[in-house]
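# Coordinate inspection notes
One letter stands for each residue in the lines below.
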Amino acid sequence: MKKIIYSLFVILALSCIFVSCSDDDGDAPAPAGNPAEAAAGTYTGTWCRVLNNDTVRGEGTLTIAPTDSMYCADFTFEAPTLDLKASSVANIAFAGADGKSFNFNNTLGADGLGDFYGQITNGVATVKFSKKVRVGRKRNIYNFSFEGTK
């Protein structure tokens, strides 16, 4: 029995000798600068609001404005036909080495917004979030999504 256990430990030790980490020297460096300033602007497109199985679409905007803090931006969501006007601060970061792709999110749930997240890829901004709206005694949770360009 001792020989079998000893043999298993030897095999385990030998297998660990051949394990190594991958080479990460080929990773591209992150772009320099503030991603909030690079992504800033007004993106115009289509908002979609879903409540239960009822889907309503309307034109609107997503506006991104840099703040005093690096990697933070003010986000404003507007769609007049959907009664949407909300804003919040969110984290924003470069999503690639090209300096034109971004990821953003906020998990604070301020102003009745739930967590929201989105990205900007090839000049197209997308975002998703939920908003709680009280109607009388009932609380509705609307799911919003947006896709638009600068």
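Attention here is on the structure that accompanies the text. Every value quoted in this text rests on a predicted model; they were computed, and no experiment measured them. (Residues numbered from 1 in each chain as written. Predicted model: local features only at pLDDT ≥ 70, side-chain atom pairs only at ≥ 80, totals over all residues. Heavy atoms only, no water.)

### Regarding the packing of aromatic side chains
Under the criterion given, the structure shown has eleven aromatic pairs. Seen from their ring centres, tryptophan 47 and phenylalanine 77 are 5.8 Å apart, and the 85° between their planes marks the pair as edge-to-face. With tryptophan 47 in strand β1 (residues 41-51) and phenylalanine 77 in strand β3 (residues 72-79), the pair connects residues that are 30 residues apart, well separated along the chain. Judged by centre distance (5.8 Å) and plane angle (70°), the rings of tryptophan 47 and phenylalanine 129 are edge-to-face. One end of the pair, tryptophan 47, is in strand β1; the other, phenylalanine 129, is in strand β7 (residues 124-135), with 82 residues separating them in the sequence. Of the two residues, tryptophan 47 and phenylalanine 129, both sit in the buried class. Cluster of aromatic residues (ring-pair linked, three or more members): Trp47, Phe75, Phe77, Phe104, Phe116, Phe129, Tyr142, Phe144 and Phe146. (Phe/Tyr/Trp six-rings, centres within 6.5 Å; stacked < 30°, edge-to-face > 60°. Helix = DSSP H or I, 4+ residues; strand = E, 2+ residues; numbered from the N terminus. Buried < 20%, exposed > 50% of the residue type's maximum accessible area, 1.4 Å probe, protein only.)

### Examining the pairing of β7
Two elements, strand β6 (residues 116-121) and β7, share five bridges in a ladder whose sense is antiparallel. Bridging across to β7, isoleucine 120 finds its partner in alanine 125. Between β6 and β7, which pair antiparallel in sequence order, lie two residues; one of them, asparagine 122, sits at a positive phi of approximately 55°. Note: β7 against strand β8 (residues 138-149), twelve bridges, orientation antiparallel. Looking at β8, one finds that valine 135 is bridged to lysine 138. Between β7 and β8, which pair antiparallel and follow one another directly, the connecting turn spans two residues, one of which, glycine 136, has a positive phi of 65°. (Pairing = 2+ DSSP bridges.)

Any functional reading would require information that these geometric values do not contain.
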